[in-house]
Amino acid sequence: MYYIVIIAILTITALFSIICLWLHRRYRRTIGKVTFLFNAIDNLDFSFHFPEKGHDRIINESLNRIRRIIEKARHDMMERERYYENIINAVSTGILVVDERGSVLQHNEAALRLLSKDILTYESQVEEKLASEDFSLRETTAVLHGKKVRIIAFSDIRSELESRELESWTKLIRVLTHEIMNNVTPITSLSETLSQKVEDPEIKEGLEVIHSTGRQLLSFVDNYRRMSLIPTPQPKLFYVKPFLERMMAICMEYSGKVTITLSLPDDLLLYADESLTAHVVTNIMKNAVEADATEIALSAYSDDDDAVCIDITNNGKAIPADEEKQIFVPFFTTKAAGNGIGLSVSQQIMKLSGGTIELIGSSSYSTLFRLKF
């Protein structure tokens, strides 16, 4: 009887030890799985999957569910980040997030475009440009990951002022031309009629002078009225190379003394109003010829923003520095017989086409105009 009790105790002890060993191994296996789960998530690896069979089915199902929940939360967070990033990149205002050391932590696409930068890592790269009169700045502070940062928002007020200035000029021209035409037309017509009926030579001569002056004034006003009568662009796709080749032929016909070179890929396409674009290009080339240019270079390309640019360079007389900012102002001209609306009309055409025209630089060696669509 004594031996039976001892055997029973030893058996129970052995069973208990086996059970404890099995529980310990299962505990260690479970801990290993949990550790593996968190290590994988910490490394952003969600490709694993625990088999949902056998003795560990319930634990494995729970771990797989945790993986799915965390993966979905991360996916949702990334979707929100992309959503907000698209919103920030869609605005025309430049945005910079700068830390206390002056490092640029984040920026949108408008910031690079307005600052003419491909890469922006430090505020010091653009401090001088941001301080210029071209930009309107707004700044606020925030705390990001426990650190104080500055959020700088800036917009290009130069183009806005140019648009408003051009709009004001256009409205003024419409009013002036309407009033002048309405008042001068009957004077011209009446003076012509009366000059045919009177016999007195002095009165007849005076009426003819009035009629001639009135016709000249009407022609003068009609010339300016073109500023407000630019048709709505009708854009379509066309190849740039044959287009510029036609512009070359027109310029050569206008002045055979100028040498014109062309540089661009054969397959470059432009979506714009071809007729209005031709008006802008020929006007710039005509101005170059009238500035005694003997060489004109035409080049076209697609820049990093997928915009199509047409560069027109000539070696004519340089535009004085004090006149560079006025060349697009309506009626401003340095030519004795000029009317001062060519570049103004060109600028308006480019704005209506969603593009820009810019004088990049002018020196004794070359003058460069850039059309950007």
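Being a predicted model, the structure only gives us computed values, none of them experimental.

**Q** Please clarify how the overall build of the chain should be interpreted in this entry.
**A** In terms of regular secondary structure, the chain is built from 9 helices and 11 strands. For the chain, the residues scored as buried account for 32% of the 373 residues in total. Counting only contacts in the chain whose residues sit at least 6 apart along the sequence, the fraction spanning at least 24 positions is 58%. Entry remark: accessible area of the chain is about 24,300 Å², with carbon and sulfur atoms responsible for 57%.

**Q** What's the story with the pairing of strand β9 (residues 308–314) in this structure? I'm lost.
**A** The side chains of a regular strand alternate, residue by residue, between the two faces of the sheet. Counting buried positions along β9 yields 6 of 7 residues, so the element is predominantly enclosed. In the sheet, strand β8 (residues 295–302) pairs with β9 via 7 bridges, with the strands oriented antiparallel. By the bridge assignment, A300 is partnered in β9 with I310. Following β8, the chain reverses through 5 residues before pairing antiparallel with β9; D306 in that reversal takes a positive phi of roughly 65°. In this structure, β9 lies alongside strand β11 (residues 367–372), joined through 6 bridges in antiparallel fashion. Paired with C309 across the strands is K372, a residue of β11.

**Q** Which parts of the structure should I look at to understand the sheet that holds strand β6 (residues 259–263)?
**A** What links the strands of a sheet is backbone hydrogen bonding, and the strands pair in either a parallel or an antiparallel sense. Taken together, 5 strands build an open sheet; the order of strands is β6-β8-β9-β11-β10 and the sheet is mixed. In the strand order of this sheet, the two ends are held by β6 and β10 (356–362), each with one partner. Here the average twist between neighbouring strands, direction ignored, is 15°. As paired strands, β6 and β8 are joined by 5 bridges and run parallel to one another. Paired with S263 across the two strands is S299, which belongs to β8. Its contacts with the sheet put helix α7 (residues 240–254) on β6, β8 and β9, and the angle it makes with β6 is roughly 175°.

**Q** What should I look at first to understand the packing of aromatic side chains in this one?
**A** Think of a pair of aromatic rings as described by two things: how far the centres are apart, and how the planes are tilted against each other in angle. Counted according to the given criterion, the structure contains 3 aromatic pairs. Plain terms: the ring middles of F238 and F243 are 5.3 Å apart, the flat faces sit at 55° to each other, and that makes the pair tilted. The burial state of F238 is the same as that of F243; both residues are buried.

**Q** Could you clarify how one ought to interpret the pattern of salt bridges in this entry?
**A** For side chains of opposite charge, pairing can occur when their charged atoms come near one another. For the structure on display, the rule yields 13 salt bridges. Across the pair D266 and K241 runs a salt bridge, and its minimum N-O distance is 2.6 Å. Of this pair, D266 sits in the loop between β6 and β7 (269–272) while K241 sits in helix α7, and the two are 25 residues apart along the sequence. Accessibility expressed as a relative area gives 26% for K241, which makes it partly exposed. Residues K372 and D303 are paired through a salt bridge, measuring 3.4 Å at the closest nitrogen-oxygen approach. Highlighted residues: K372 in strand β11 and D303 in the loop between β8 and β9, separated in sequence by 69 residues. Judged by relative accessible area, K372 falls into the partly exposed class, the value being 29%.

**Q** Just to check I follow, could you spell out the nonpolar core for this structure?
**A** Of all hydrophobic cores here, the largest spans 42 residues; its most connected members are L244, M285, I296, I310 and L371. When residues of this core are traced back to their parent elements, those giving at least two are α7, β7, α8 (274–290), β8, β9, α9 (342–352), β10 and β11. Considering each element in turn, this core owes the most residues, 8 residues, to α8. Ignoring sequence-local partners within four residues, the contact set of I310 consists of V240, L244, L270, S299, A300, F369, R370, L371 and F373.

**Q** What is the right way to look at the environment of S363 in this model?
**A** Relative to the helices and strands, S363 is located in the loop between β10 and β11. The spacing of S363 and K317 is 46 residues in sequence and 8.0 Å in space, taken between C-alpha atoms.

**Q** Would you mind showing me how to read α7 here?
**A** Count 3.6 residues to each turn of an α-helix, and residues three or four apart come out pointing the same way. The first and last C-alpha atoms of α7 sit 21 Å apart over 15 residues, in line with the 21 Å expected at 1.5 Å per residue. For α7, the set of buried residues is V240, F243, L244, M247, M248 and C251. The buried residues of α7 occupy an angular sector of 145° when the element is viewed end-on, so they sit on one face. Where α7 is buried, its residues contact β5 (236–239), β6, β7, α8, β8 and β9.

**Q** How should unusual backbone geometry be read in this particular structure?
**A** Most peptide bonds are trans, and most residues other than glycine sit at a negative phi. The residue L44 is not glycine, and still its phi comes out positive at about 60°. Relative to the helices and strands, L44 resides in the loop between α1 (2–42) and α2 (57–90). Residue S116 is not a glycine yet carries a positive backbone phi of 55°. Counting through the fold element by element, S116 comes out in the loop between α3 (109–115) and α4 (127–130). Exposure remark for S116: the relative accessible area of 58% places this residue in the exposed category.

Rules of the game
Residues numbered from 1 in each chain as written. Predicted model: local features only at pLDDT ≥ 70, side-chain atom pairs only at ≥ 80, totals over all residues. Heavy atoms only, no water. Helix = DSSP H or I, 4+ residues; strand = E, 2+ residues; numbered from the N terminus. Buried < 20%, exposed > 50% of the residue type's maximum accessible area, 1.4 Å probe, protein only. Contact = heavy atoms within 4.5 Å. Areas by Shrake-Rupley, 256 points an atom, 1.4 Å probe, with all protein chains shown as cover. Pairing = 2+ DSSP bridges. Axes fitted to C-alpha atoms, helices over the stretch in contact; angles between N-to-C directions. Phe/Tyr/Trp six-rings, centres within 6.5 Å; stacked < 30°, edge-to-face > 60°. Salt bridge = Lys/Arg side-chain N within 4 Å of Asp/Glu carboxyl O. Core = buried A, V, L, I, M, F, W, Y, C linked by side-chain atoms within 4.5 Å. Expected span 1.5 Å × (residues − 1). Arc of directions from axis to C-beta.

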